[in-house]
Amino acid sequence: MTLREEMSSPVEARDARAFPPDDAATKKVFIKTYGCQMNVYDSQRMGDALASEGFAPTETMEEADLVLLNTCHIREKAAEKIYSELGRIRLLKARRESEGKGLNVAVAGCVAQAEGAEIIARASVVDLVIGPQTYHRLPQALRRVAAGERVVDTDYAVEDKFDHLPAAEAQAIRRRGVAAFLTVQEGCDKFCTFCVVPYTRGSEVSRPAEAILAEAHRLAAAGVREVTLLGQNVNAWEGEHQGRRIGLGELLHRLAEVPGLARLRYTTSHPRDMDDALIAAHRDLDILMPYLHLPVQSGSDRILKAMNRRHKAEDYLRLVERIRAARPGIAMSGDFIVGFPGETEADFAATLDLVGAVGYASAFSFKYSPRPGTPAADLGDQVPEAVATERLDRLQALIRAQASAFMESLVGTEMPVLVEKAGRYAHQRIGRSPYLQPVVLSATAGEIGDLVTSRIVRSGPNALIAAGGEPEAAGAAPRPAALRKIA
Ligand code: SAH
Ligand code: SF4
Ligand code: F3S
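Residues numbered from 1 in each chain as written. Chains lettered and ligands numbered in written order. Predicted model: local features only at pLDDT ≥ 70, side-chain atom pairs only at ≥ 80, totals over all residues. Heavy atoms only, no water.

K.L.:
Let's hear about the pattern of salt bridges: which residues, and what values?
P.N.:
Counted according to the given criterion, the structure contains 38 salt bridges. Linking Arg318 and Glu321 is a salt bridge whose minimum nitrogen-to-oxygen distance equals 2.8 Å. Here the residue Arg318 and the residue Glu321 both occupy positions in helix H14 (residues 313-326), the gap between them amounting to three residues, near one helical turn. (Salt bridge = Lys/Arg side-chain N within 4 Å of Asp/Glu carboxyl O. Helix = DSSP H or I, 4+ residues; strand = E, 2+ residues; numbered from the N terminus.)

What follows is the structure, given as structure tokens:
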């Protein structure tokens, strides 16, 4: 999945503003989400489970009776952040206790799964450690915490958590906006040698097609227009529909029939699982957005082999060609790791060549971070930090240039934009392009949830500006600083 270094969940933040807690809800929960989109989705589902227990969301940690950190273990920095946050929470808890009030602290997500009881040993402020496979047991775990117990639950539960987590209320779905995530697959059997995910999320499990379709219907009925299907290897999804085995391509066809939905996306895919039916779906389904996140990690066959990616650079390039033949103009995105053990300048040059050959609309790149328990962490020949930093800079400069060239190529074109929220100025709204960029629109262009045709007049590093959405469009004097921020 696409990973943000840190993400305080915007969902919970919005919840608190839009809906002050009702009188019945006496307890408040502050949820902070790190890592990938699946953690965002999981935080929502945990929020739903806690709502049934009488917890109202808050966006201020100081107000909370329960602080829940949903964590990420992918790189050392991501995991270490949790401990600095727990240090701050310890001070808050001490302050609370001096006022005679309590505070419970729960750690969920991939650090919880990877480190279990060690978290409590290192940060005694933590009352509960709960792994991603047991979120449906969160309410009962909290009841044990309330009774004074310290709880660690990092089992791989036999029962399916999704069968036991409460479905979101229509009102909660609406508060989260018109674009929603929907987990269809979890876990990974690929065992790339650098990666913790197979250990933190377990083996690949697909949710049943019927459960996914039911959830999509529920989302659409509550006003959701765009659904992004999530999985660590989302294109490894498989299931049964009307007595037939189907893959993700066919599932997308079924989802395309859900009334109200206007857009579908899926993330993240592994190149080895891009089958013909899925590629054909990009050709046949207009509702499937022309954007694909398809990580390759390196352009060097030697490094790809050491990473256990089980394909060559050339296989990836041919695959991108087939995808582009099916859907001309599709925007490609990817993930890269630089400084994998043993990476030479020639290996890195092969990565730059691959990026040059593909031409990405966006891409994420990271310095290799050795993770405990993964095979690559034990390899000799670790690349010096300074070399990795220098390579990352060069790769990111190339990616930035490609991304801005892609954005520039959209200036002067018309495209459908999904209106998502209010803008910075009263005359603006923010929407989303088919290629996933934010688009600044005129507030008169349409209501939230509308799909409107917009003419792009300018591009900035992070957003496209549509006619009428320019900061100066309302007749205000141009404000270069603010303009730079938005564009
Ligand atoms: N299934 C997803 C994985 C999510 S991890 C996928 O295959 O895309 C997101 C990205 O983090 C990976 O694609 C990889 O580029 C990066 N990553 C994973 N482990 C890493 C590590 N040990 N060091 C640096 N980057 C890593
Ligand atoms: Fe990690 Fe590789 Fe699985 Fe992606 S495919 S989650 S990088 S092991
Ligand atoms: Fe991080 Fe776990 Fe997602 S390690 S990237 S939160 S699957």
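Okay, back to it.
K.L.:
Residues and numbers for the packing of helix H12 (residues 276-284) against H14, please.
P.N.:
At a minimum axis separation of 7 Å, H12 and H14 run at an interaxial angle of 35 degrees. Where H12 approaches H14, its residues Asp276, Ile279, His282 and Arg283 are matched on the opposing element by Leu319, Arg322, Ile323 and Ala326. Here the residues of the contact of H12 with H14 sort into four nonpolar, one polar and three charged. (Axes fitted to C-alpha atoms, helices over the stretch in contact; angles between N-to-C directions. Contact = heavy atoms within 4.5 Å. Nonpolar A, V, L, I, M, F, W, Y, C, P; charged D, E, K, R; others polar.)

K.L.:
Would you mind going over the site of ligand 1 in detail, with residue names and values included?
P.N.:
Close to ligand 1 lie 15 residues, the nearest being Phe194, Gln232, Gln297, Asp335 and Ser369. In the model, a nitrogen atom of ligand 1 is placed 2.5 Å from a nitrogen or oxygen of the Gln232 main chain. At 2.6 Å, a side-chain N or O of Gln297 approaches an oxygen atom of ligand 1. Of all the secondary-structure elements, those providing two or more residues to the shell around ligand 1 are strand E17 (331-338) and strand E18 (362-367). For the shell around ligand 1, the class distribution of residues is seven nonpolar, four polar and four charged. (Near = heavy atom within 4 Å. Polar contact = N/O pair within 3.5 Å; in protein donor to acceptor, adjacent residues only side chain to side chain.)

K.L.:
Now, about the UniProt feature "domain: TRAM" (unreviewed entry) in the chain: what can you tell me, with residues and values included?
P.N.:
Taken from the UniProt record, the annotation "domain: TRAM" (unreviewed entry) applies to residues 408-470. Helix and strand shares over residues 408-470 are 5% and 49% respectively, and the end C-alpha atoms of the span are 16 Å apart. (UniProt positions renumbered as here; feature names shortened; annotations may be inferred.)

K.L.:
Please set out the domain arrangement of the chain residue by residue, giving values where relevant.
P.N.:
You can read the domains of the chain as domain 1 (14-156), domain 2 (162-407) and domain 3 (414-484). Taking only C-alpha atoms, the centre of domain 2 and the centre of domain 3 are 27 Å apart. Taken together, the contact pairs 14 residues of domain 2 with 21 residues of domain 3. Counting the surface lost from both domain 2 and domain 3, the interface buries some 1,300 Å², and carbon and sulfur atoms represent 66% of this. (Domains from an automatic or database assignment. Buried area = accessible area lost by both parts, 1.4 Å probe.)

K.L.:
Before we move on, could you go through unusual backbone geometry and cite the residues and values that matter?
P.N.:
The amide bond that connects Thr267 to the next residue, Thr268, takes the cis arrangement and shows omega of 5 degrees. Look at Gln297: it is not a glycine, yet its phi comes out positive at around 80 degrees. With respect to the element layout, Gln297 can be found in the loop between strand E16 (291-293) and helix H13 (301-306). Accessibility expressed as a relative area gives 7% for Gln297, which makes it buried. One non-glycine residue with positive phi stands out, namely Leu436, at about 85 degrees. With respect to the helices and strands, Leu436 occurs in the loop between strand E20 (428-432) and strand E21 (438-442). (Buried < 20%, exposed > 50% of the residue type's maximum accessible area, 1.4 Å probe, protein only.)

K.L.:
A description of helix H3 (residues 76-98) should follow, citing residues and the corresponding values.
P.N.:
Helix length check: H3 (23 residues) gives 34 Å between terminal C-alpha atoms against 33 Å at 1.5 Å per residue, within 8%. Looking at H3, one finds that the buried residues are Ala78, Ala79, Ile82, Tyr83, Glu85, Leu86, Ile89, Leu92, Lys93 and Arg96. Where H3 is buried, its residues meet strand E2 (27-33), strand E5 (66-71), strand E6 (104-108), helix H4 (109-115) and helix H5 (118-122). Looking one or two residues beyond H3, the residue adopting positive phi is Gly100, at roughly 75 degrees. (Expected span 1.5 Å × (residues − 1).)

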